[in-house]
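Close look at the chain arrangement
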Amino acid sequence: MGAALCLALVFAVERLVRASTFMEAQETAENTLRQTVYALEGHLRRYEVLPALLARQVEVRSFLATPPGSAGIEQMNLWLKHTNRVIESSDLYLIAPDGTTLAASNFDQSDSFVGQNFTYRPYFTTAIAGGSGQFFGLGTTSGVRGYYFASPVRDWAGRIVGVVALKIGVDDLETGWLASTHHTLVTDPDGIVFMATDPVWRYRGLLPLTPDRIARTKTSRRYADTPLYPLGQRESADNGRSLVTLAGSDGIAREYLAVNREMPGAGWTVRVLFDTGPIRAQVRLAVAAFALLLGIGLSLGWALWQRRARLAERIALQARAQAELERQVAERTADLRHANDELHRMQADMIQAGKLAALGRMSAALSHEINQPLAAARNYADSAALLIERGDLPRASDNIAQILSLIDRMATIARHLRNVARKPNEPLKTLSLHDAVTDALQVAETRLRASNVEVRNKLPKDLPMVLGGPVRLQQVIVNLLSNAADAMDSTGGEVELAAASDGDTVTLTVRDHGPGVAPAIVDRIFDPFFTTKTVGSGLGLGLSISYNIVKDFGGDLRVANHPDGGAVFSVILQAAKALQPAAQ
Ligand code: ADP
């Protein structure tokens, strides 16, 4: 279907191109023809008036009026020869009324006209009858083609006494045509070709060689004894244009676009023939170019269409992939949100559980710490009452002293609890770590001795001062020492105190030889109320309070296990000199 359409298009274009190309060629041919005819006419017209002018010359008139002797003829021959050269004609001659040539420019040549009789030539008959004769033909003596002009010569009385005739050659004109690519033909009134750019066409009949045409030619001896044949052309018409097929001297028949024009004066018809081969080749080339362009255009269009289709497909595919991705992302997001919500809920649950656990531990510890001294105080109070009844006042007062000490103990617990809730707003002081350690050792001395613990103080002498509160730092060190003692239980052992500074901080380490801190609880030992000790022996507040105190000092409290066993607690404090630049 598409192919048929393309074919139809190519055919239509071929018709259009052919029509326009042929029209152009026709125009060119007609222009060429016009120029050829003008040139030819111009050439003939140059000579047309010459015989009449020559007929009026005194020499000519007197020569023909009274034919002279041989000396006069001799003189006339020379005059004609000279004049012939001047007017550039081929031959110039004078004819007596009986048709005999009396004098001629070619008198001294072998084919001299002198003595020849030209009564059969139409130009002579016309001129002797008083008209101006013109004729084209082959010279009967020379065999050279020529155009003849003749005029009557009159004496002073006006009587026709002879004819002056001149002949011009056409060979030069014909040679001039050979340079062009087209062919030029000139036919006489009987349709016989006498000038042609291809010599084989000469003396051939373009029109049918009818008997009267042949007879006319014979009478005027136009072509002397040259045999005449038909040209054998084939003629056809194409859209009002005339096409002629004609074989040339190479024997190959070619088709020509033919235009012709009559030259009324001479009775000639001039034809210009343009080979249609190049014209048709030009049409074919244009059509081929069009077909090629069409092909290129179509394949380009096809490729473009394909590309667009592929692009559209890819875009659709991408859109689908994108949609799928978005759907997956949405799904995952929902999953994640769900998981996150779950986690939050679990965390909240755990926090709640942790709070409750801490509260439970605290309640257990507190109720024990308070109930036990309360119960003891009650016992003491009961016995004191009995002892007072009995009048044993000294023992009663002992009991009351016990009760007071129990009350003090409860007050201490209360103070501990206050410490947990305390806010860190006390200003920091510059203090010596040595002093803090010495004070702490004094406070803890009883407790340490009871547990059979020996402390080795390995603190270097030249430690920088540290930042902190003296009482609170001492409390931290006491806590760590008593924990160390607890860890080593009643078996006792050594606790090492050491310190080091990196310039910005001073780190105090407390190392015991107990079991160390189990990895499972490392993260929790600084939590308030976390304890592994039995109810009554620990509140689980010591490390928590210590941690907060050290943090208040801008330091840190860390725990690690020594490679050789035992726990190592590190109290990291700011070196006081670190603040000095700011103070200055
Ligand atoms: P308490 O001493 O009242 O239990 P702490 O806060 O001081 O409370 O200590 C919490 C827990 O940390 C202790 O119960 C114990 O399990 C652990 N712990 C503290 N110090 C040491 C140590 N030096 N060696 C081993 N474990 C320790």
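Residues numbered from 1 in each chain as written. Predicted model: local features only at pLDDT ≥ 70, side-chain atom pairs only at ≥ 80, totals over all residues. Heavy atoms only, no water.

**Concerning the packing of helix α11 (residues 470-487) against helix α13 (residues 542-552)**
Packed helix pairs are characterised by how far apart their axes lie and by the angle those axes make with each other. Running from amino to carboxyl end, α11 crosses α13 at an angle of 145°, the nearest separation of the two axes being 9 Å. By crossing handedness, the relation of α11 to α13 is classed as left-handed. On α13, the residues touching Arg472, Gln475, Val476, Asn479, Leu480 and Asn483 of α11 are Gly542, Leu543, Ile545, Ser546, Ile549, Val550 and Asp552. Residue composition of the contact of α11 with α13, grouped by class: six nonpolar, five polar and two charged. (Axes fitted to C-alpha atoms, helices over the stretch in contact; angles between N-to-C directions. Helix = DSSP H or I, 4+ residues; strand = E, 2+ residues; numbered from the N terminus. Left-handed = near helix turned anticlockwise from the far one by under 90°. Contact = heavy atoms within 4.5 Å. Nonpolar A, V, L, I, M, F, W, Y, C, P; charged D, E, K, R; others polar.)

**Observations regarding the sheet that holds strand β4 (residues 145-154)**
Reading across the sheet, the five strands line up as β2-β1-β5-β4-β3 and stay open at both edges, with antiparallel pairing between neighbours. Two strands in the sheet have a free side with no partner beyond their single neighbour: β2 (101-104) and β3 (133-138). Averaged over neighbouring strand pairs, the angle between their axes works out to 25° when direction is ignored. Judged from the five bridges that link them, strand β1 (residues 91-95) and strand β5 (residues 160-169) form a sheet pairing that is antiparallel. Within β5, the residue paired with Ile95 across the bridge is Val163. (Pairing = 2+ DSSP bridges.)

**Quick word on the site of the ligand**
Asn483, Asp512, Thr531, Thr532 and Lys533 are the nearest of the 19 residues found near the ligand. Between the ligand and Thr531 there is a distance of 2.5 Å, counted from an oxygen atom to a side-chain nitrogen or oxygen. A distance of 3.5 Å is found between an oxygen atom of the ligand and a backbone nitrogen or oxygen belonging to Gly542. Relative to its unbound accessible surface of 530 Å², the ligand loses 92% to contact with the protein. Those elements giving two or more residues to the shell around the ligand turn out to be α11, α13 and β20 (567-574). Here the residues of the shell around the ligand are counted per class, giving ten nonpolar, seven polar and two charged. (Near = heavy atom within 4 Å. Polar contact = N/O pair within 3.5 Å; in protein donor to acceptor, adjacent residues only side chain to side chain. Areas by Shrake-Rupley, 256 points an atom, 1.4 Å probe, with all protein chains shown as cover.)

**Regarding the UniProt feature "transmembrane region" (unreviewed entry) in the chain**
Under the UniProt annotation, the feature "transmembrane region" (unreviewed entry) is placed at residues 285-305. Annotated as 100% helix and 0% strand, the span residues 285-305 places its first and last C-alpha atoms 29 Å apart. (UniProt positions renumbered as here; feature names shortened; annotations may be inferred.)

**Digging into the nonpolar core**
Of all hydrophobic cores here, the largest spans 49 residues; its most connected members are Leu433, Leu473, Ile525 and Phe569. Those elements giving two or more residues to this core turn out to be α8 (276-390), α10 (433-450), α11, β17 (493-501), β18 (505-511), α13, β19 (556-561) and β20. With eight residues, the single largest contributor to this core is α11. (Core = buried A, V, L, I, M, F, W, Y, C linked by side-chain atoms within 4.5 Å. Buried < 20%, exposed > 50% of the residue type's maximum accessible area, 1.4 Å probe, protein only.)

**Considering the packing of aromatic side chains**
Under the defined criterion, the tally for this structure stands at 15 aromatic pairs. Here Phe118 and Tyr120 contribute two aromatic rings whose centre-to-centre distance is 6.2 Å and whose plane-to-plane angle is 65°, an arrangement assigned as edge-to-face. Relative to Trp268, the ring of Tyr147 lies with its centre 5.1 Å away and its plane at 85°, an arrangement referred to as edge-to-face. Placement of the pair is Tyr147 in strand β4 and Trp268 in strand β13 (residues 268-275), with a sequence separation of 121 residues. Overall, Tyr147 belongs to the buried group, its relative accessible area being 1%. By relative accessible area, Trp268 is classed as buried at 1%. Cluster of aromatic residues (ring-pair linked, three or more members): Phe136, Tyr147, Phe149, Phe194 and Trp268. The ring of Trp156 carries the charged tip of Arg61 above its face, separated from the ring centre by 5.0 Å. (Phe/Tyr/Trp six-rings, centres within 6.5 Å; stacked < 30°, edge-to-face > 60°. Lys NZ or Arg CZ within 6 Å of the ring centre and 35° of its normal.)

**So, the pattern of salt bridges**
Per the stated rule, a full pass over the model turns up 28 salt bridges. Put simply, Glu174 and Arg145 hold a salt bridge, and the shortest N to O gap is 2.8 Å. Placement of the pair is Glu174 in helix α6 (residues 171-177) and Arg145 in strand β4, with a sequence separation of 29 residues. Taking the relative accessible area as the measure of exposure, Glu174 reaches 6% and is therefore buried. For Arg145, a relative accessible area of 6% gives the class buried. Close ionic contact of Arg202 with Glu174 constitutes a salt bridge, the shortest N to O distance being 2.6 Å. With Arg202 in the loop between β7 (193-196) and β8 (204-205) and Glu174 in helix α6, this pair connects stretches of sequence that are 28 residues apart. Residues joined in a network through salt bridges with shared partners are Arg145, Asp171, Glu174 and Arg202. (Salt bridge = Lys/Arg side-chain N within 4 Å of Asp/Glu carboxyl O.)

**Some details on α11**
Compared with an ideal rise of 1.5 Å per residue, which puts 18 residues at 26 Å, α11 spans 26 Å between its outermost C-alpha atoms and is within 8% of the ideal. Along α11, the residues classified as buried are Arg472, Leu473, Gln474, Val476, Ile477, Val478, Asn479, Leu480, Leu481, Ser482, Ala484 and Ala485. Asp489 occupies a position one or two residues after α11 and carries a positive phi of about 55°. (Expected span 1.5 Å × (residues − 1).)

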